[in-house]
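This is what each chain is made of:
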Amino acid sequence: MPGVNPRTYFILQSLQATLLDALLPPRCAACGQPGQRWCPACQVAAPRLRLPLCRQCGEPLASRTRATLCEHCRAASPAYHGAVAWGLYGGSLQTAIQKFKFQRDSGLALVFSGLLAEAVQAQAWPLDTVVAVPLGAQRLRQRGYNQAALLARPLAARLGCRYPRRALVRVRETRPQVGLSRPERHQNMAGAFAARPEQVRNRTVLVVDDVMTSGATLDAAARALLAAGARAVYAATLARAA
Ligand SMILES: [Zn+2]
Ligand SMILES: [Zn+2]
């Protein structure tokens, strides 16, 4: 549905999910029990982040530390001003995300966006715009959809933010990050994105992805948005990989 505003899209998406559920009752993406897309028991069992967290990247810190920044942020400050994740990448959250990655399920995206909206609202960031981390053209062709966009759009509606499509674009293909070291990941993602100044200038932007690992992708996205004139950039992901 190109060109539809996030609020209308959200209503249509909710309606579609309700109709689909009536025809074919959903099963939990993690345990497979019928009834809900991600059942309350699996949500409660999902691993969460233990405080304290790095105030910039959101990484869990040692429990008795006085530091407010993790070692990575102390060594090199990321371009985004803050980052939040709903949970840790593991257990029932990992199973549900993996299903979401390989099976287009906008009903599951609605459940995820509700949880993530609460985590973002708790940060009280002054957001007005939401963008998704774009997939490379090749990956998009293979998968047929971008799971980050599927999540970001209903999230924008819940947060009352704009959702300008194609405000952030990938300008070159990158190799998969799996197996790369932290510096290699940053090198791999450097300059991978560009943003449209007319969409993001003077805006406070939230970049959304499904999973954050080293933060290299979100850092590269934030750099592109700031280079295009964004006032500040924050990041939100469903999960954070340890
Ligand atoms: Zn379940
Ligand atoms: Zn940090």
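Cut-offs used in this document
Residues numbered from 1 in each chain as written. Chains lettered and ligands numbered in written order. Predicted model: local features only at pLDDT ≥ 70, side-chain atom pairs only at ≥ 80, totals over all residues. Heavy atoms only, no water. Phe/Tyr/Trp six-rings, centres within 6.5 Å; stacked < 30°, edge-to-face > 60°. Helix = DSSP H or I, 4+ residues; strand = E, 2+ residues; numbered from the N terminus. Buried < 20%, exposed > 50% of the residue type's maximum accessible area, 1.4 Å probe, protein only. Lys NZ or Arg CZ within 6 Å of the ring centre and 35° of its normal. Donors = N, O, S within 2.8 Å, 3.2 Å for Na, K, Ca; no water. Tetrahedral: all angles 85-135°; square planar, octahedral: opposite > 155°, others 65-115°. Expected span 1.5 Å × (residues − 1). Pairing = 2+ DSSP bridges. Axes fitted to C-alpha atoms, helices over the stretch in contact; angles between N-to-C directions. Core = buried A, V, L, I, M, F, W, Y, C linked by side-chain atoms within 4.5 Å. Contact = heavy atoms within 4.5 Å. Patch = residues over 30% accessible without salt bridge, like charges linked within 9 Å, V, L, I, M, F, W, Y side chains within 5 Å. Areas by Shrake-Rupley, 256 points an atom, 1.4 Å probe, with all protein chains shown as cover. Salt bridge = Lys/Arg side-chain N within 4 Å of Asp/Glu carboxyl O.

Draft legend 1. Representation of the packing of aromatic side chains. With the rule as written, the count across this model stands at four aromatic pairs. Judged by centre distance (5.7 Å) and plane angle (70°), the ring pair of Trp38 and Trp86 falls under edge-to-face. Here Trp86 lies in strand β1 (residues 82-88) and Trp38 lies in the loop between α1 (6-23) and α2 (40-45), a separation of 48 residues in the sequence. Under the relative-accessibility criterion, Trp86 is labelled buried at 7%. By the ring-pair criterion, three or more aromatic residues cluster together here, those being Trp38, Trp86, Phe100 and Phe112. When the ring centre of Trp86 is taken as origin, the NZ or CZ atom of Arg48, which lies over that ring, is 4.0 Å away. Across from the ring centre of Tyr9, 4.0 Å away, lies the NZ or CZ of Arg153, which sits over that ring.

Draft legend 2. Molecular detail of the coordination of the zinc ion (ligand 1). The zinc ion (ligand 1) binds to the protein through Cys28 (SG), Cys31 (SG), Cys39 (SG) and Cys42 (SG); the donor distances cover 2.3 Å. Taken together, the four donor atoms coordinating the zinc ion (ligand 1) span angles of 102 to 116° at the metal, a pattern that classifies the geometry as tetrahedral. Mapped onto the sequence, the donors of the zinc ion (ligand 1) take the spacing C-x2-C-x7-C-x2-C. Assigned by exposure class, Cys39 and Cys42 land together as buried.

Draft legend 3. How the structure looks around helix α7 (residues 147-159). With 13 residues, α7 extends 19 Å from end C-alpha to end C-alpha; this agrees with the ideal 18 Å at 1.5 Å per step. Taken as a whole, α7 has its buried residues at Gln147, Ala148, Leu150, Leu151, Ala152, Arg153, Pro154, Leu155, Ala156, Ala157 and Leu159. Gly160 sits one or two residues past α7 and shows a positive phi near 70°.

Draft legend 4. Quick peek at the sheet that holds strand β5 (residues 204-212). Strand order across the open sheet formed by four strands is β1-β6-β5-β2, with parallel pairing between neighbours. Each end of this open sheet is capped by a strand with a single partner; those strands are β1 and β2 (129-132). Each neighbouring strand pair of the sheet contributes to a mean axis angle of 20°, computed without reference to strand direction. Relative to strand β6 (residues 232-240), β1 runs parallel, the two being bridged by six bridges. Within β6, the residue paired with Gly82 across the bridge is Tyr234.

Draft legend 5. Spatial organisation of the nonpolar core. Of all hydrophobic cores here, the largest spans 44 residues; its most connected members are Trp38, Phe112, Val120, Val130, Leu159 and Leu206. Looking at this core, the elements with two or more residues in it are β1, α4 (91-102), α5 (106-121), β2, α7, β5 and β6. With eight residues, α5 is the largest single contributor of residues to this core. Ignoring sequence-local partners within four residues, the contact set of Val130 consists of Ala152, Ala156, Leu159, Cys161, Arg162, Tyr163, Pro164, Leu206 and Val208. If you look at the next biggest cluster of nonpolar residues, it comprises 32 residues, including Tyr80, Leu168, Ala195 and Val205.

Draft legend 6. Up close: the coordination of the zinc ion (ligand 2). Of the protein atoms, only Cys54 (SG), Cys57 (SG), Cys70 (SG) and Cys73 (SG) coordinate the zinc ion (ligand 2), at distances of 2.3 Å. Read in sequence order, the donor residues coordinating the zinc ion (ligand 2) give the pattern C-x2-C-x12-C-x2-C. Of this pair, Cys54 sits in the loop between α2 and α3 (71-75) while Cys73 is found in helix α3, placing the two residues 19 residues apart along the sequence. Residues Cys54 and Cys73 agree in their burial class; the two are buried.

Draft legend 7. Structural view of a nonpolar patch on the surface. A cluster of nonpolar side chains, contributed by Leu20, Leu23 and Leu24, occupies part of the molecular surface with about 360 Å² of accessible area. Here Leu20 is to be found in helix α1.

Draft legend 8. Structural detail: the environment of Ala235. As for its position among the elements, Ala235 is in strand β6. You can call Ala235 buried: its relative accessible area is 2%. Between the C-alpha atoms of Ala235 and Pro197, which are 38 residues apart in sequence, the distance is 19 Å.

Draft legend 9. Representation of the pattern of salt bridges within the structure. Within this structure, the stated rule accounts for five salt bridges. Of the charged contacts, one joins Asp210 and Lys101 as a salt bridge, the two residues approaching to 3.4 Å between their closest N and O atoms. With Asp210 in strand β5 and Lys101 in helix α4, this pair connects stretches of sequence that are 109 residues apart. The buried category is assigned to Asp210, whose relative accessible area is 3%. When the shortest N-O distance is used, the salt bridge between Asp219 and Arg223 registers 3.2 Å. On the criterion of helical spacing, the pair formed by Asp219 and Arg223 is a turn pair, its members being four residues apart in helix α10 (residues 216-227). Overlapping salt bridges, with partners in common, bring together Asp21, Arg37 and Asp105 in one network.

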